[in-house]
Amino acid sequence: MAQAMDDLGAPGALLDRETTRQLDDNGFVVLPGFMPTHQVEEFRTHLHDLLTAEGDRAGTEVNKEPGTARVSDLVNKGQIFDICFTHPLLLAAVHHILGEFKLSSLSSRMPLPNHGHQALHADWSGEPPVPGNYQVFNSIWLLDDFTHDNGATRVVPGSHLRGKAPADEMPDTKAPHPDEELVMAQAGSLVLFNGHLWHGGTENQSGKARRALHAYFTRRTNPQQLDQAAFMRAETQDRLSAAARFVLDA
């Protein structure tokens, strides 16, 4: 792990004190302007082409979610996505929370008009961990602005520290939580968050696209959401460095 982190340029010093504090205390941090406009446009175009080409098959490598357009297994669907599991600052944040880690899955999610509302949840199906013994980490790469009416993610700050699941406190996890807030930011932003933070998508009432990428990580001892080694294509294997393949555990 240390060698891979070093080879990919991800020493812990990349995380400044405020970013680290927000991850530790709030469970999430928003990094505005993380992607330049041209990169956002390239992601949008490539995802559009993938959705068109895959049609009803889109998202089936992991799961299909009613009311959303998803594309999964993005590791194998374009070199453009490599940055989503090799960017040094991202990896430094994942390592800070998880220690030894690997990519679990890389996918996109777009809530369709009047759809997309999710129950508050954590990205870990097991028992909520003791704070500090975290198992999963997630990131959202915003390809459109996240606004109050287009399906922005809601979060409950600090909920990763409670050692509870949302259902332990809420009779209806789809209902609003008194402490929740919307993560609203401009396209090109990156949201980093502890996977045990209570969160969920909201309904897209805007009538417009709300696109995002999700790079999801887990501890190396856990199974992956998508078995990266089993799905690895020869051309993907050939283009990636040994350090990148280590992050994929492939």
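Structure: above.
Calculation criteria
- Residues numbered from 1 in each chain as written.
- Predicted model: local features only at pLDDT ≥ 70, side-chain atom pairs only at ≥ 80, totals over all residues.
- Heavy atoms only, no water.
- Helix = DSSP H or I, 4+ residues; strand = E, 2+ residues; numbered from the N terminus.
- Buried < 20%, exposed > 50% of the residue type's maximum accessible area, 1.4 Å probe, protein only.
- Contact = heavy atoms within 4.5 Å.
- Areas by Shrake-Rupley, 256 points an atom, 1.4 Å probe, with all protein chains shown as cover.
- Lys, Arg positive; Asp, Glu negative; His and termini not counted.
- Charge placed at Lys NZ, Arg CZ, Asp CG, Glu CD.
- Pairing = 2+ DSSP bridges.
- Axes fitted to C-alpha atoms, helices over the stretch in contact; angles between N-to-C directions.

Novice: Teacher, can you tell me more about the overall build of the protein here?
Specialist: Helices and strands together make up the secondary structure of the protein, namely 8 helices and 9 strands. For the protein, the spread of C-alpha atoms along the three principal axes comes to 50 × 40 × 30 Å. When the 250 residues of the protein are sorted by exposure, 52% land in the buried category. Here the contacts in the protein between residues at least 6 apart in sequence split such that 85% fall between residues at least 24 apart. Surface exposure of the protein reaches about 11,100 Å², of which carbon and sulfur atoms provide 51%. The protein carries 21 positive and 32 negative side-chain charges, and their two centres are separated by 2 Å.

Novice: Help me understand the pairing of strand 4 (residues 136-142), please; the structure alone is not making it clear to me.
Specialist: The side chains of a regular strand alternate between both faces of the sheet. Counting buried residues along strand 4, 7 of its 7 residues qualify, which places the element largely inside the surrounding structure. Because side chains alternate across strand 4, one face comprises the buried residues V136, N138, I140 and L142, and the other comprises F137, S139 and W141, equally buried. With 7 bridges joining them, strand 4 and strand 9 (residues 212-219) adopt antiparallel strand pairing. When the sheet's bridge partners are listed, I140 is paired in strand 9 with H214. Pairing between strand 4 and strand 7 (residues 190-194): 5 bridges, direction antiparallel. The residue of strand 7 that forms the bridge with F137 is N194.

Novice: Could you clarify how one ought to interpret the sheet that holds strand 8 (residues 199-200) in this entry?
Specialist: In spatial order, the strands read 6-5-8; together these 3 strands make up an open sheet with antiparallel pairing. Pairing within the sheet leaves two strands with one partner each, and these edge strands are strand 6 (181-182) and strand 8. Of the strand pairs in this sheet, strand 5 (residues 154-155) and strand 6 are connected by 2 bridges, and their pairing is antiparallel. Residue pairing in the sheet places R154 in a bridge with L182 of strand 6.

Novice: What is the right way to read the side chain of Q118 from this model?
Specialist: For Q118, the position within the fold is in the loop between strand 3 (101-111) and strand 4. Since its relative accessible area comes to 18%, Q118 is described here as buried. With residues near it in sequence (within four places) discarded, Q118 still touches E65, R70, R109, R154, K174, G200 and G201.

Novice: Sorry, what's going on with the sheet that holds strand 4 here?
Specialist: The sheet built from 6 strands is open, its strands ordered 1-7-4-9-3-2 with antiparallel pairing. Of all the strands in the sheet, just strand 1 (28-31) and strand 2 (68-71) have a single pairing partner and so form its edges. Along the sheet, successive strands turn relative to each other by an average axial angle of 20°, direction set aside. As paired strands, strand 2 and strand 3 are joined by 4 bridges and run antiparallel to one another. Counterpart to R70 in the pairing with strand 3 is R109. Its contacts with the sheet put helix 2 (residues 17-25) on strand 1, strand 4 and strand 7, and the angle it makes with strand 1 is roughly 140°. Most of the contacts of helix 3 (residues 37-54) go to strand 2, to which it runs at about 100°, and overall it touches strand 2, strand 3, strand 4 and strand 9.

Novice: Where do I start with the pairing of strand 9 in this structure?
Specialist: Among the 8 residues of strand 9, 7 are classified as buried, and the element is accordingly described as predominantly covered. When strand 3 meets strand 9, the two strands line up antiparallel, connected through 8 bridges. Across the sheet, the residue bridging to R109 is A212, located in strand 9.

Without other data, these values stay purely geometric and don't point to any function.
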